[in-house]
Every structure is written in structure tokens, then in C-alpha cells.
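What follows is each chain in one-letter form.
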Amino acid sequence: MLRETIRALAESKIAPFAAAVDEESRFPQEALDALVASDLHAVHVPEVYGGAGADALATVIVIEEVARVCASSSLIPAVNKLGSLPVILSGSEELKAKYLGPLAKGDAMFSYALSEPDAGSDAAGMKTKAVRDGDFWVLNGVKRWITNAGVSEYYTVMAVTDPEKRSKGISAFVVEKSDEGVSFGAPEKKLGIKGSPTREIYLDNVRIPADRMIGEEGTGFATAMKTLDHTRITIAAQALGIAQGALDYAKGYVQERKQFGKPIADFQGIQFMLADMAMKIEAARQLTYAAAAKSERGDADLTFQGAAAKCFASDVAMEVTTDAVQLLGGYGYTRDYPVERMMRDAKITQIYEGTNQVQRIVMARNLP
Ligand SMILES: Cc1cc2nc3c(=O)[nH]c(=O)nc-3n(C[C@H](O)[C@H](O)[C@H](O)COP(=O)(O)OP(=O)(O)OC[C@H]3O[C@@H](n4cnc5c(N)ncnc54)[C@H](O)[C@@H]3O)c2cc1C
């Protein structure tokens with residue numbers, strides 16, 4: 001029922017704007033409005049804080065169905081989870097009450113600020129600092145590549161509070177867009193997900209109350225990594241949705257397109273490509289849904305499974321979207337058809353929330 005609801009909404013209210021959002025590199029406001037109106041913009045927020053209380057699998061289905069028509073728009077529910085999960089996992093009751101309510105209502109979005117210009121895969125090498133000053137912390141530094149930066153009201157920001165201790169000297173904070181000293185860089189000019197703003201965040205003597213720290217001092221990096229264990233599954237869902245969207249489009253196209261006097265779908269060479277695409281998508285789906293169930297239960301092997309789902313599904317998305325372009329021939333290579341956008345959008349799923357090389361490092365360290 002959830003899938004039917006979100007698919008109908010995605011097809012009627014989000015798909016019609018997907019090409020324009022990409023072409024104009026603009027935020028998908030129509031998608032945000034439609035998702036908020038149906039309470040599907042941050043479904044993971046627990047009911048006690050006014051949210052829909054969707055479990056990890058339901059959240060995955062929402063993201064998958066939005067990504068099937070518009071990958072940029074799927075970053076609304078996905079990044080709302082990514083940004084707020086540190087608060088849900090490790091925040092005080094006060095922080096949860098203060099920040100999850102507006103998120104659930106659709107009054108505010110939440111972003112996640114871990115990466116920096118010189119700290120990507122090696123996120124623990126971050127330079128952003130937070131220094132204690134009485135009942136306040138003062139933050140200085142630059143965060144890079146922050147999804148929905150400038151649009152979101154709230155940011156989980158990881159900063160060094162004890163430079164001697166490397167990852168154990170990192171703490172997490174909630175920073176608000178309106179805090180004095182917060183500003184944003186120009187939107188990055190990207191290959192894909194062009195509707196999702198990606199910007200730097202500049203923190204210039206940002207003075208925030210001490211109770212904005214998420215969890216204990218020095219636990220921020222652990223919270224950031226624990227968050228990714230759960231949210232990599234949402235990137236797997238995004239990849240899965242993009243791949244399904246490309247297959248669905250290509251499947252229709254090959255039945256219409258005629259060469260040598262018959263639909264190209266009649267050629268076995270084409271049928272085998274479609275069969276492989278569908279087989280890979282189904283394998284990615286099973287891995288992603290199983291990982292979502294593990295996320296919900298908090299299983300001990302979640303770290304491996306989340307990395308495996310993200311890595312596998314994103315590689316599948318890249319292969320399937322590339323094959324979808326191939327199935328449309330020259331037409332697939334143009335912006336008159338959606339598959340080239342899907343191919344460009346798929347690429348990011350192999351890079352963010354840890355590159356697929358990093359996922360393989362994570363898997364190797366946590367072999368079942
Ligand atoms: C569009 C977009 C949105 C993003 N959104 C967010 C966000 O909202 N919040 C956030 O915090 N970050 C975000 N990121 C950052 C993203 O997570 C990083 O770009 C990513 O983790 C890689 O870091 P890097 O770009 O510095 O690459 P690098 O770490 O410099 O990696 C370069 C290459 O080296 C490889 N590599 C690095 N170390 C190793 C190793 N040990 N072994 C093998 N290979 C290695 C990488 O896999 C990659 O191929 C976003 C990035 C993009 C592009």
C-alpha cells in the first residue's frame with residue numbers, strides 16, 4: 001500500500017518536473033511540497049516526535065520510488081534521515097524534542113556535514129574545530145559537499161574537540177542555518193543529481209549553546225559512522241530506484257522502436273540485456289531490503305550488510321543505466337529521453353556516503 005501511494009505521488013507530482021529540475025539545476029520544490037503534503041518527506045521520524053514512524057524498510061521503499069522518477073528529489077527523504085539520525089541515535093531528549101518536531105512537520109530539513117575539502121575518505125582527518133567557552137562551543141572551519149546545504153535549517157556538524165585523540169577527539173553538534181557565522185559556498189556544478197544543492201558550509205566563530213552537542217564529547221565520529229551503517233541502505237535504495245526507472249523506460253522503448261522490420265525487443269541480443277538488467281536489480285533489491293531489516297533490528301552484521309547493499313546496488317545502477325542508454329541507441333544519448341539523466345545520476349551513488357572502494361574496506365574489516 002505504501003509503495004502504491006508513493007509511486008502514484010512520484011509519477012503525478014515529481015516525475016513531470018524531473019527533466020526541468022536537471023536541466024535548470026534547480027531545487028525540486030514541487031517534490032518537497034508534494035512529499036510534505038503527504039507526510040513522506042521524513043518518514044523515519046518516530047511518532048513520539050510527531051513523525052510517521054516508518055521503519056527502515058518503509059523508508060527505503062519511499063526513497064526507491066522517488067528515485068525511480070527523480071534521483072535529486074529522493075535526496076529529500078534520504079538526507080533528512082542522514083542529517084537527523086545522529087540526533088535520533090545519540091542526542092539528548094531535549095535535542096530530539098527540539099529538532100525532530102519541525103523536521104517531521106516539514107518546517108525544516110536536516111543535513112549532514114562530515115566531509116571537508118581535505119578530509120573525504122579519511123573523514124577523521126577533519127580540521128573543523130570546536131572550542132569550549134563557558135556554556136558555549138565556538139566552531140570554526142569549512143565543510144564541503146553538503147547535500148541540501150542552504151535549503152536545510154538544521155545541520156549535524158562533526159568537529160574536532162580534542163586534536164590529540166584523532167577520531168576519539170571528534171564531537172557532533174546541531175548547527176542551525178540562522179546561527180551567526182554560518183554561510184554557504186556557491187552550488188557545485190555537478191554531473192548529475194543537479195536538482196540537489198551541494199555546497200560548502202563556512203563556520204566562522206559560530207557560537208552555540210553547549211547543549212547542542214549530540215551525545216558525549218568525543219563520541220561524534222562514532223555516531224557519524226553508526227549513522228552511515230543505517231543510511232548507506234538509503235543510498236542503496238536510491239540506486240535501486242534509479243536502475244528500476246531506467247529499466248522500466250528501456251523496456252517500453254524496445255517494444256516501440258522498430259529496426260529490420262520488427263520491434264528491437266524481438267532480437268535475442270536485446271532480450272538478454274533486459275534479462276541481465278532485471279536480474280541484477282532484483283539481486284540489489286533483495287540485498288537492500290535484507291539490510292533494511294537488519295538496520296531496523298540493529299543486527300550485529302549491519303556494518304557489513306549496509307556497505308554491501310550500497311556498493312552492490314550502486315554498481316548495478318551504473319551498469320543498468322549505461323545499458324539503458326545503449327538500448328535506446330543514439331536517442332538514449334540525448335536529453336530528449338530520461339535515461340542519460342539516470343546514467344549521470346547513478347554515478348554519485350558509487351561515490352557518496354563513502355566511495356565503493358571505502359565500502360570494500362568496510363566489508364573486508366567486517367567479513368561475515
Ligand atoms: C554530490 C555530492 C554530495 C555529497 N553529500 C555529502 C553530504 O551531504 N555530507 C557529507 O559529509 N559529505 C557529502 N559528500 C562527500 C562524499 O561523501 C565524499 O566526496 C566521498 O566520501 C569521497 O571523498 P573525496 O571526494 O574527498 O574523495 P577522496 O577521499 O579524495 O578519494 C579519491 C579516490 O581515492 C579513493 N580512495 C581514498 N582512500 C582510499 C583507500 N584507503 N583505499 C582505496 N581507495 C581509496 C576513493 O575511493 C576515490 O576513488 C558528497 C559528495 C558529493 C560529490
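Residues numbered from 1 in each chain as written. Predicted model: local features only at pLDDT ≥ 70, side-chain atom pairs only at ≥ 80, totals over all residues. Heavy atoms only, no water.

1. Examining the overall build of the protein chain
Thinking step 1. A tally of regular secondary structure across the protein chain gives 11 helices and 10 strands.
Thinking step 2. For a compact globule of 368 residues, the expected C-alpha radius of gyration is about 21 Å, and the protein chain comes in at 21 Å, within 12% of that figure.
Thinking step 3. On the principal axes, the C-alpha backbone points of the protein chain span a range of 80 × 40 × 40 Å.
Thinking step 4. Expressed as a percentage of the 368 residues in the protein chain, the buried residues total 55%.
Thinking step 5. Long-range pairs, those at least 24 residues apart, make up 75% of the contacts in the protein chain with a sequence separation of at least 6.
Thinking step 6. When the accessible area of the protein chain is evaluated, it comes to approximately 15700 Å², of which 53% is carbon and sulfur surface.
Thinking step 7. When the 41 basic and 48 acidic side-chain charges of the protein chain are each reduced to a single mean position, those positions are 4 Å apart. (Helix = DSSP H or I, 4+ residues; strand = E, 2+ residues; numbered from the N terminus. Rg over C-alpha atoms; globule rule 2.2 N^0.38 Å. Buried < 20%, exposed > 50% of the residue type's maximum accessible area, 1.4 Å probe, protein only. Contact = heavy atoms within 4.5 Å. Areas by Shrake-Rupley, 256 points an atom, 1.4 Å probe, with all protein chains shown as cover. Lys, Arg positive; Asp, Glu negative; His and termini not counted. Charge placed at Lys NZ, Arg CZ, Asp CG, Glu CD.)

2. Description of helix α1 (residues 2–23)
Thinking step 1. Across its 22 residues, α1 extends 30 Å between first and last C-alpha, which sits within 8% of the 32 Å expected from 1.5 Å per residue.
Thinking step 2. The largest bend along α1 measures about 50° and falls at Ile14, with the proline Pro16 one to four residues further on.
Thinking step 3. For α1, the full list of buried residues reads Ile6, Leu9, Ala10, Ile14, Ala18, Val21 and Asp22. (Expected span 1.5 Å × (residues − 1). Bend = angle between axes of the 7 residues up to and from the residue.)

3. A few points about the packing of aromatic side chains
Aromatic ring pairs: the centre-centre distance and the angle between the two ring planes describe each pair.
Thinking step 1. Applying the stated criterion to the full structure yields 9 aromatic pairs.
Thinking step 2. Measuring from ring centre to ring centre gives 6.4 Å for Tyr99 and Phe110, while their planes differ by 70°; the resulting arrangement is edge-to-face. In this pair, Tyr99 is assigned in helix α5 (residues 93–105) and Phe110 in strand β1 (residues 110–113), connecting sequence segments 11 residues apart. No difference in accessibility class separates Tyr99 from Phe110, as the two residues are buried. (Phe/Tyr/Trp six-rings, centres within 6.5 Å; stacked < 30°, edge-to-face > 60°.)

4. Here's the deal with unusual backbone geometry
Thinking step 1. The backbone of Trp145 shows a phi angle near 65°, a positive value even though the residue is not glycine.
Thinking step 2. Examined against the element boundaries, Trp145 turns out to sit in strand β3 (residues 136–147).

5. Quick look at the nonpolar core
Thinking step 1. Within the largest apolar cluster, 48 residues are counted, with the highest numbers of intra-cluster contacts made by Val254, Leu274, Met277, Ile281 and Leu327.
Thinking step 2. If you list the elements that add at least two residues to this core, you get α3 (56–69), α4 (71–90), α6 (220–256), α7 (268–297), α8 (302–327) and α10 (339–348).
Thinking step 3. A domain split of this core shows at least three residues from each of domain 1 (2–105) and domain 3 (222–365).
Thinking step 4. With residues near it in sequence (within four places) discarded, Ile281 still touches Leu240, Ala243, Gln244, Leu247, Val316 and Val320.
Thinking step 5. Membership of the second largest hydrophobic core comes to 28 residues, among which are Ala42, Val45, Ala108 and Tyr154. (Core = buried A, V, L, I, M, F, W, Y, C linked by side-chain atoms within 4.5 Å. Domains from an automatic or database assignment.)

6. Quick look at the pairing of β1
Thinking step 1. Along β1, one buried face is formed by Phe110 and Tyr112 and the opposite face, lined by Ser111 and Ala113, is buried too.
Thinking step 2. Here 4 bridges tie β1 to strand β4 (residues 154–160), and the two strands are oriented parallel to one another. Bridge assignment links Phe110 to a residue of β4, and that residue is Tyr154. (Pairing = 2+ DSSP bridges.)

7. Quick word on the site of the ligand
Thinking step 1. By nearness alone, 19 residues border the ligand, and Ser115, Ser121, Trp145, Thr147 and Thr355 come closest of all.
Thinking step 2. With respect to the ligand, the side chain of Ser115 contributes an N or O atom lying 2.7 Å from a nitrogen atom.
Thinking step 3. Here Gln357 contributes a side-chain N or O atom positioned 2.9 Å from an oxygen atom of the ligand.
Thinking step 4. In the complex, 66% of the free accessible area of the ligand, which totals 980 Å², lies under the protein chains.
Thinking step 5. A per-element tally of the shell around the ligand places β3 first, with 3 residues.
Thinking step 6. Each of two domains, domain 2 (110–218) and domain 3 (222–365), supplies a minimum of three residues to the shell around the ligand. (Near = heavy atom within 4 Å. Polar contact = N/O pair within 3.5 Å; in protein donor to acceptor, adjacent residues only side chain to side chain.)

8. Quick look at the pairing of β4
Consecutive residues of a regular strand have side chains that alternate between opposite faces of the sheet.
Thinking step 1. Burial analysis of β4 places 7 of its 7 residues in the buried class, the great majority of the element.
Thinking step 2. The two faces of β4 match: Tyr154, Thr156, Met158 and Val160 on one face and Tyr155, Val157 and Ala159 on the other face are all buried.
Thinking step 3. With 7 bridges joining them, β4 and strand β5 (residues 170–176) adopt antiparallel strand pairing. The residue bridging Tyr154 from the neighbouring strand is Glu176, located in β5.

9. Digging into the pattern of salt bridges
If the charged atoms of two oppositely charged side chains come close together, the side chains can form a pair.
Thinking step 1. Counted under the stated rule, the structure contains 26 salt bridges.
Thinking step 2. A salt bridge links Asp162 to Lys165, with the nearest nitrogen and oxygen atoms 3.6 Å apart. (Salt bridge = Lys/Arg side-chain N within 4 Å of Asp/Glu carboxyl O.)

10. Notes on the domain arrangement of the protein chain
Thinking step 1. When the domains of the protein chain are assigned, the result is domain 1 (2–105), domain 2 (110–218) and domain 3 (222–365).
Thinking step 2. One C-alpha centre belongs to domain 1, the other to domain 3; they are set 20 Å apart.
Thinking step 3. Contacts between the two partners involve 26 residues from domain 1, matched on the other side by 29 residues from domain 3.
Thinking step 4. Where domain 1 abuts domain 3, roughly 2200 Å² becomes buried across the two surfaces, and 62% of that area is made up of carbon and sulfur atoms.
Thinking step 5. Of all residues in domain 1, Val60, Glu64 and Arg68 give up the largest surface area on contact with domain 3, accounting jointly for 23% of the area buried on that side.
Thinking step 6. In this assembly, domain 1 and domain 3 are joined by 4 salt bridges.
Thinking step 7. With a closest N to O distance of 2.9 Å, Glu64 and Arg285 form a salt bridge.
Thinking step 8. The set of elements that each furnish at least two residues to the side of domain 1 that touches domain 3 consists of α1, α3 and α4.
Thinking step 9. Sorting elements by how many residues they give to the side of domain 1 that touches domain 3 places α4 first, with 10 residues.
Thinking step 10. Of the residues assigned to the side of domain 1 that touches domain 3, the class counts are 17 nonpolar, 2 polar and 7 charged. (Buried area = accessible area lost by both parts, 1.4 Å probe. Nonpolar A, V, L, I, M, F, W, Y, C, P; charged D, E, K, R; others polar.)

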